[in-house]
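Chain and residue survey
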Amino acid sequence: MQPENVKPESSFIHLCQPDSCKSCGACCGLYNYADSSRESLLHRLRWRTALFPEIVKSPDDLDHFSSLVRSSEEQARRYEVIYCCEYLGFLDAGEKRVGCLLHPLQNNGTDLRDVSFYGRELCDGHFCPSYTYLTREEKQALVFVLEDWYLYGLCITDIDLVKSYFRLVSDRLLTTPRPEKLKAEPLRNLVQKFFELKLVWPYRDPAVNRLGKYYFDGSQYMIDRIDYEGLGWKKSRFDSIFLSLSSRFPRREDLVTAEQILQGHIDAFVEAYSAHL
Ligand code: SF4
Ligand code: SF4
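Keep in mind the model is a prediction, meaning the values are calculated, not measured. (Residues numbered from 1 in each chain as written. Chains lettered and ligands numbered in written order. Predicted model: local features only at pLDDT ≥ 70, side-chain atom pairs only at ≥ 80, totals over all residues. Heavy atoms only, no water.)

**Side note on the sheet that holds strand β5 (residues 220-223)**
- The strand order β3-β4-β5 describes an open sheet built from three strands, whose pairing is antiparallel. In this open sheet, the two strands that pair with only one neighbour each are β3 (210-211) and β5. (Pairing = 2+ DSSP bridges. Helix = DSSP H or I, 4+ residues; strand = E, 2+ residues; numbered from the N terminus.)

**As for the packing of aromatic side chains**
- Within the structure shown, the criterion is met by 26 aromatic pairs.
- With 4.1 Å between their ring centres and 20° between their planes, Tyr165 and Phe194 make a pair best called stacked. One end of the pair, Tyr165, is in helix α7 (residues 159-173); the other, Phe194, is in helix α8 (residues 187-195), with 29 residues separating them in the sequence.
- You can call Tyr165 buried: its relative accessible area is 0%.
- For Phe194, a relative accessible area of 2% translates into the label buried.
- Of the aromatic side chains, those joined through ring pairs into one cluster are Tyr165, Phe166, Phe194, Phe195, Phe269 and Tyr273.
- One cation-aromatic arrangement involves Lys22 over Tyr152; the distance from NZ or CZ to the ring centre is 5.8 Å.
- The ring centre of Tyr33 lies 3.5 Å from the NZ or CZ of Arg44, which sits over that ring. (Phe/Tyr/Trp six-rings, centres within 6.5 Å; stacked < 30°, edge-to-face > 60°. Buried < 20%, exposed > 50% of the residue type's maximum accessible area, 1.4 Å probe, protein only. Lys NZ or Arg CZ within 6 Å of the ring centre and 35° of its normal.)

**Remarks on unusual backbone geometry**
- In the segment running from Glu185 into Pro186, the intervening peptide bond is cis, with an omega of 5°.
- A positive phi is found at Glu95, a non-glycine position, where the angle reads about 55°.
- Examined against the element boundaries, Glu95 turns out to sit in the loop between β1 (88-90) and β2 (98-100).
- One non-glycine residue, Asn108, lies in the positive phi region at around 50°.
- Along the chain, Asn108 turns up in the loop between β2 and α3 (120-125).

**Structural notes on the domain arrangement of the protein**
- When its domains are assigned, the protein resolves into domain 1 (26-127) and domain 2 (135-275).
- Of note, the centres of domain 1 and domain 2, computed from C-alpha atoms alone, are 29 Å apart.
- With 18 residues of domain 1 at the contact, the number on the domain 2 side is 15 residues.
- A buried area of about 1400 Å², summed over both sides, lies between domain 1 and domain 2, and 64% of it is on carbon and sulfur atoms.
- Taken as a group, Tyr31, Arg38 and Arg78 account for 49% of the area that domain 1 buries against domain 2, more than any other trio of residues on that side.
- Where domain 1 packs against domain 2, one counts one salt bridge.
- A salt bridge links Asp148 to Arg38; the nearest nitrogen and oxygen atoms lie 2.8 Å apart.
- Here the side of domain 1 that touches domain 2 gets four residues from one element, more than from any other, and that element is helix α1 (residues 38-55).
- Of the residues belonging to the side of domain 1 that touches domain 2, the class tally is eleven nonpolar, two polar and five charged. (Domains from an automatic or database assignment. Contact = heavy atoms within 4.5 Å. Buried area = accessible area lost by both parts, 1.4 Å probe. Salt bridge = Lys/Arg side-chain N within 4 Å of Asp/Glu carboxyl O. Nonpolar A, V, L, I, M, F, W, Y, C, P; charged D, E, K, R; others polar.)

**Concerning the pairing of strand β4 (residues 214-217)**
- Two strands pair when backbone bridges link them, and β3 and β4 are joined in this way by two bridges, in the antiparallel orientation. What sits directly across from Leu211, in β4, is Tyr214.
- Counted between consecutive antiparallel strands, the loop separating β3 from β4 contains two residues, among which Gly212 sits at a positive phi close to 60°.
- Examined bridge by bridge, β4 and β5 share four bridges and lie antiparallel to one another. Opposite Tyr215, over in β5, you have Met222 as the bridge partner.
- Here β4 hands over to β5 after two residues, with Gly218 in that stretch at a positive phi of 60°.

**Observations concerning the site of ligand 2**
- Taken together, Met1, Cys28, Cys85, Tyr87, Leu88, Cys100, Leu102, Ser116, Tyr118 and Cys123 form the complete shell of residues around ligand 2.
- Considered class by class, the residues forming the shell around ligand 2 number nine nonpolar, one polar and no charged. (Near = heavy atom within 4 Å.)

**Considerations on the pattern of salt bridges**
- Considering all chains together, one arrives at 22 salt bridges under this definition.
- The salt bridge partner of Lys213 is Asp160, with a shortest N-O separation of 2.8 Å. With Lys213 in the loop between β3 and β4 and Asp160 in helix α7, the pair connects residues that are 53 residues apart, well separated along the chain.
- For Asp160, a relative accessible area of 27% puts it in the partly exposed group.
- In this structure, Arg210 engages Asp224 in a salt bridge whose closest nitrogen and oxygen atoms are separated by 3.2 Å. Here Asp224 lies in the loop between β5 and α10 (239-244) and Arg210 lies in strand β3, a separation of 14 residues in the sequence. Residue Arg210 shares its accessibility class with Asp224, and that shared class is buried.

Structural data, given as structure tokens:
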């Protein structure tokens, strides 16, 4: 979400709105639509953003805006417990930053979030677990490397994916990669390519009720598990990454190839980082 007053410490990294190139709207329900493809979300956010100033001339018009969006857009969700907020849109003309159309910065200082499903206090004060559990280096790495709202939101909220990747490369390097170094090529591109697996992973389960390691059944959510035994294979060292990528392996050969792909990403980064020490 988008706090009005971010914490003042200089060490604080604002994951929701880190810079002018991207932002995250995951906890506003961005990826909880049954169709959360980039094209579909782009279309929704673009339409709402254009509609908002046309309809909302005063706070009294917000109800009408909400009804119009909710009745015009497809409302099917992956997980019915998580609300998909109709006030999420684009904050900039270049459509690089998703964010709250009710935020005071979008409304000449007037905070309109009282009308939202979660209420102003929650919208303003919510910091997701990534703020707590990602290290400063992990946060900086993603902020330095990813420049696309769609991918950034998917990755910054996937703590397992981020931690597993940096643990694997750190174990090999015997040190934590310095985030500043990831701003330069080829390292930037190599890290980016790894996280882009979120978009292009060939073994991703296409089921609508999957997101990352989770699968949903009505109001229930569960963590998936890969049936290594059924595939006649041992538990993979990449298990947490496979789950984050919502993997499904029909055959053992697929699992083996998937391990090779991930190993290739780790090796390429370690080799390039070592060459630039
Ligand atoms: S999921 Fe986290 S980073 Fe994303 S908008 Fe919410 S609080 Fe911010
Ligand atoms: S009103 Fe909606 S878009 Fe705005 S911060 Fe709250 S949940 Fe997010």
